[in-house]
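One letter stands for each residue in the lines below.
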Amino acid sequence: MAFLVAGTLRVAAHMADAQDSLARKGTYSLRAPRAALTICSPEVPDSTVAILEATLQALGFHSCQRREASAQGFLGELARFREQLDAQGGPVSCALVALVAPREQLRRPQLLVRELSRCEALQGHPKILLLLSSAPRAAPEPGAFLTGLRELCGRCPHWSLLQLLTEVFGLASRESCRASYCPVLRSSLRGTLFLQEAGLWDQEQEGSPGAQYDLSGARAALILAVLRERPGAQRDVEALRGLCESLGFQTVLRTDPTAQDFQEELAQFRERLHTCRGPVGCVLVALMAHGGPRGQLLGADGEEVQSEALVRRLSRCRALRGCPKIFLLQACRGGHRDAGMGPAVSPRFWRWLRPSPPTPSHADVLQICADAPGGPTPESLDLADVLRVYAATEGYVAYRGERGSDFIQTLVEVVRAYPGEDLLELLAEVSRQVCALDVLGPDCSEPRKACPEVRSSLRRRLCLSRAGVAAPGCANSGSPLTHSRPVGRGASPSDLVQVSNPQPDAGS
């Protein structure tokens, strides 16, 4: 009996800490202990390891385990690390795992992400995976990337981790000797992550990062949306078009495009940008259709087009060199349905324990890729300054109902309210709100979860407010992460986007 009570109290502690992790309305709490692990292949120089450990110290990870293994043994080492954290019997506020190996050996980071996400001690807490190449001429060179990150931490302790990384991405791409790569991150974070306590108190006093995209040039948006057999899609189109126009984007809309139309409309959009008389400040492309597990979109004719090919084609437009390119993708990325993760506890104790709602199994993950293939890869500079925002995690269903999709409707609400804030931080707030919702799909009786995913190679801070125009919600300069509306199971219908008869955006 004592064992059962002890185990139940431990579960209660996990629940309380998970609920408190985002208690600051969009800011992760790091009051519990942190954990860090570096796994290096045998050929990694000691100098690189020393710089890595110094960088982890600057980020606030003062105790770091170090292990050496071949790339084939990385998954096993990570599994042992996960088991060790769970065996401690208490929550971990944040974990960072750094993997250093030759570039060709870091090909399947998603397996490592899934392993780390299984850790019960980390449920509801941020999990950071840093991929570094040990190649002699890696671009950017890992030592330079880490040194830049460490120095920036010392100068700007009040910046969030996403702000730090965006600044370092810009420095790394500008200083790369080959000037052919830009680092990239993949994020499902649900809030702002400050790794140094100064961030919680000094951000208003010391201000935000100064390196910001100049959006004084023309703004252009292209919305390609399949409405046929996608109930609620019209609501998404109307909401997103209204947002784009309010932000000063000259918007082109095409509904029910065929697979060929997707390519032709994008080509015409690119040509118009080429012939634009003045500089282009920013472009936004929204792709809405049924989707599949290999990144394909289905046109209104049922034929396939590859979303990644569309992204690359536009990103290589010479008129867009150096300006931000935003891609919104409301489509399924596979057929998996996520039931979410929550602490395991005997049903007999549920009546006096208030369980925290399940968290999407792929939430709270940040991958940072400085120079490695597979997963998020370091993009060529043609693909720098690109922000992809997906309605669902890779391999999973994206939901949509008669009132539109949670992803598009929530994104429009958040950006309308705070257009002057950093877009990456706003997207973390969008994820927080979407992840808090339960979805009852047409083909399952149990609640399911959705988790948006962000992939970014932005090199500056991106704010969409129109210069010189008082945008809605800007009268109060507070962050949305400290003035957000309540979400969750207890919210009233007016507080969140309710999904009625939701349909997956999956291909047939």
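Rules of the game
- Along every chain, residues carry numbers that run from 1 in the direction the sequence is written.
- At least 70 in pLDDT is required for a residue's local features to be given in this predicted model, at least 80 for side-chain atom pairs to be given and counted, and no such filter applies to totals for whole chains, interfaces and linings, which use all residues.
- The basis for the side-chain values is all heavy atoms of the structure; hydrogens and waters are excluded.
- Buried means the residue's accessible area, taken with a 1.4 Å probe over protein chains only, is under 20% of the maximum for its type, while exposed means over 50%, and partly exposed covers the values in between.
- Labels follow the DSSP assignment, with helices taken as runs of H or I lasting at least four residues and strands as runs of E lasting at least two, numbered in each case from the N terminus.
- When DSSP finds at least two bridges between two strands, those strands are taken to pair.
- Helix span, as expected, comes to 1.5 Å for every residue beyond the first.
- Contacts are assigned to residue pairs with any non-hydrogen atoms lying within 4.5 Å of each other.
- A fitted line through C-alpha atoms represents every axis, and for helices the fit uses only the stretch in contact; the resulting angles, taken between N-to-C directions, go from 0 to 180 degrees.
- Here, nonpolar core refers to any group of buried Ala, Val, Leu, Ile, Met, Phe, Trp, Tyr and Cys residues whose side-chain atoms link them within 4.5 Å.
- Between 65 and 115 degrees an angle is taken as roughly perpendicular, under 35 as roughly parallel, over 145 as roughly antiparallel, and anywhere else as oblique.
- For a crossing to be left-handed, the near helix must be turned anticlockwise from the far one by less than a right angle; the clockwise case is right-handed.
- In this classification, the charged set is Asp, Glu, Lys and Arg, the nonpolar set is Ala, Val, Leu, Ile, Met, Phe, Trp, Tyr, Cys and Pro, and all remaining amino acids, among them Gly, are polar.
- By definition, disulfides here are pairs of cysteine sulfur atoms that lie within 2.5 Å.

Asks: What should I look at first to understand the pairing of strand E4 (residues 127–133) in this one?
Replies: Along any regular strand the residues' side chains alternate between the sheet's two faces. Extensive coverage of E4 is indicated by the burial of seven of its seven residues. Where burial is concerned, the two faces of E4 agree: the one with Lys 127, Leu 129, Leu 131 and Ser 133 and the one with Ile 128, Leu 130 and Leu 132 are both buried. Direction of pairing for strand E3 (residues 94–101) relative to E4: parallel, over a ladder of seven bridges. Bridged to Val 100 within E4 is Leu 132. Of the pairings in the sheet, the one linking E4 to strand E13 (residues 365–369) comprises five bridges and is parallel in character. Bridged to Leu 129 within E13 is Gln 367.

Asks: Would you mind showing me how to read helix H11 (residues 406–417) here?
Replies: For the α-helix, the turn length of 3.6 residues means that residues three or four positions removed from each other point alike. Between the first and last C-alpha of H11 there are 16 Å, a value that for 12 residues agrees with the 16 Å anticipated at 1.5 Å per step. Contact partners of the buried residues in H11: helix H8 (233–246), strand E8 (280–288), strand E12 (325–330), strand E14 (386–390), strand E15 (399–400) and helix H12 (423–435).

Asks: Mind showing me how you'd approach the environment of Glu 308 here?
Replies: Here Glu 308 shows up in helix H10 (residues 307–315). What makes Glu 308 partly exposed here is its relative accessible area of 23%. Between the alpha carbons of Glu 308 and Leu 297 there is a distance of 9.8 Å; along the sequence they are 11 residues apart. Look past the residues within four positions of Glu 308 in its chain and what remains in contact with it is Arg 388 and Tyr 390.

Asks: It is not clear to me how the sheet that holds strand E16 (residues 453–456) should be interpreted in this structure. Could you clarify?
Replies: The pairing of strands in a sheet comes from backbone hydrogen bonds and takes either a parallel or an antiparallel form. With mixed pairing, 12 strands are arranged side by side in an open sheet as E2-E1-E3-E4-E13-E5-E16-E14-E12-E8-E6-E7. Of all the strands in the sheet, just strand E2 (64–68) and strand E7 (250–255) have a single pairing partner and so form its edges. Looking at each pair of strands side by side, their axes are set apart by 10° on average, direction ignored. In the packing of helix H9 (residues 259–274) onto the sheet, the strands contacted are strand E6 (218–225), E7 and E8, and the crossing angle to E6 comes to about 175°.

Asks: How should the nonpolar core be read in this particular structure?
Replies: In summary, soluble globular proteins display a tendency toward joint burial of nonpolar side chains. Ranked by internal contacts, the top residues of the largest apolar core, which has 83 residues, are Phe 145, Leu 195, Leu 240, Ile 326, Leu 387, Leu 423 and Leu 464. Looking at which element gives the most residues to this core, the answer is helix H6 (residues 161–175), with seven residues. Membership of the second largest hydrophobic core comes to 28 residues, among which are Leu 273, Val 285, Leu 297 and Val 386.

Asks: What's the story with the packing of H9 against H10 in this structure? I'm lost.
Replies: Packed helix pairs are specified by the crossing angle of their axes together with the interaxial distance, meaning the distance between the axes. Viewed as axis vectors pointing N to C, H9 and H10 meet at an angle of 15°, and their least axial separation amounts to 10 Å. Comparing their axes, H10 and H9 come out roughly parallel. In this structure, H9 crosses over H10, and the sense of that crossing is right-handed. Touching Phe 262, Gln 263, Leu 266, Phe 269, Arg 270 and Leu 273 of H9 are Leu 310, Arg 313 and Leu 314, all from H10. Among the residues forming the contact of H9 with H10, the class breakdown is six nonpolar, one polar and two charged.

Asks: Just to check I follow, could you spell out the side chain of Thr 55 for this structure?
Replies: With respect to the helices and strands, the residue Thr 55 is situated in helix H2 (residues 46–58). Residue contacts for Thr 55: discarding those within four places in its chain leaves Leu 146, Leu 149 and Arg 150.

Asks: What exactly am I supposed to notice about the state of the cysteines here?
Replies: Joining two cysteines, a disulfide is a covalent bond between their sulfur atoms. Within the structure shown, the criterion is met by zero disulfides. Cys 282 supplies the cysteine sulfur nearest to Cys 323, a cysteine that is in no disulfide, at a spacing of 6.7 Å. Note on Cys 323: relative accessible area 5%, which makes it buried.

Asks: Sorry, what's going on with the environment of Arg 294 here?
Replies: Along the polypeptide, Arg 294 turns up in the loop between strand E9 (290–291) and strand E10 (296–298). Classification of Arg 294 by relative accessible area gives exposed; the value is 57%. Note: C-alpha distance between Arg 294 and Ser 307 (13 residues apart in sequence) is 9.3 Å. Apart from residues no more than four positions distant in its own chain, Arg 294 is found in contact with Glu 304 and Gln 306.

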